[in-house]
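Architecture and fold: a report
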Amino acid sequence: SERNVGSVEYKLREENQGEGPLQMEVKLEGDSPCFLKNREAKWSSKLEAYVLNFNGRVTHPSIKNFQLIEVGDKEETIRLQFG
């Protein structure tokens, strides 16, 4: 569905003073406000790193890769991803 976005605000915060991935929060204002946050990465003991499943789309790990979900969405439907 289309959404008229009047403005976009985002902020980054580092969790646990340097331990763990960066957290991003996004607020879209327009016809109907929308609040997004980054999908929480899971720790992989095999890789000894935080990982997200991009279903084969990402071939190289990067701190720039992220997935955004709507705040309160228990199914964690990905609304936007980069990577």
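Keep in mind it's a predicted model, so treat the numbers as computed, not measured.

Scanning the chain for helices and strands turns up zero helices and seven strands. Overall, the chain shows an N-to-C arrangement of helices and strands of β-β-β-β-β-β-β. Across the 83 residues in the chain, those meeting the buried criterion constitute 18%. By sequence separation, contacts in the chain at least 24 residues apart represent 33% of the contacts at least 6 residues apart. If you sum the accessible surface of the chain, you get close to 6,800 Å²; carbon and sulfur atoms cover 48% of it.

For the rest of this paragraph, the subject is the pairing of strand β3 (residues 34–38). Here β3 shows a buried face lined by Cys34, Leu36 and Asn38 and an unburied face lined by Phe35 and Lys37. Judged from the three bridges that link them, β3 and strand β6 (residues 66–70) form a sheet pairing that is antiparallel. In the strand pairing of β6, Asn38 is matched with Leu68.

Among the structural elements, Ser44 can be located in strand β4 (residues 42–44). When residues no more than four places from it in sequence are discounted, the contact partners of Ser44 are Ala49 and Val51.

This next bit is on the nonpolar core. Met24, Val26, Leu28, Cys34, Leu36 and Leu68 together form the largest nonpolar core, which totals six residues. Mapped by element, the contributors of at least two residues to this core are β2 (22–30) and β3. Among the elements that take part in this core, β2 stands out by supplying three residues, more than any other. Apart from residues lying up to four places away in sequence, Leu36 is in contact with Met24, Glu25, Val26, Leu28, Leu68, Ile69, Glu70, Val71 and Arg79.

Cut-offs used in this document
Residues numbered from 1 in each chain as written. Predicted model: local features only at pLDDT ≥ 70, side-chain atom pairs only at ≥ 80, totals over all residues. Heavy atoms only, no water. Helix = DSSP H or I, 4+ residues; strand = E, 2+ residues; numbered from the N terminus. Buried < 20%, exposed > 50% of the residue type's maximum accessible area, 1.4 Å probe, protein only. Contact = heavy atoms within 4.5 Å. Areas by Shrake-Rupley, 256 points an atom, 1.4 Å probe, with all protein chains shown as cover. Pairing = 2+ DSSP bridges. Core = buried A, V, L, I, M, F, W, Y, C linked by side-chain atoms within 4.5 Å.

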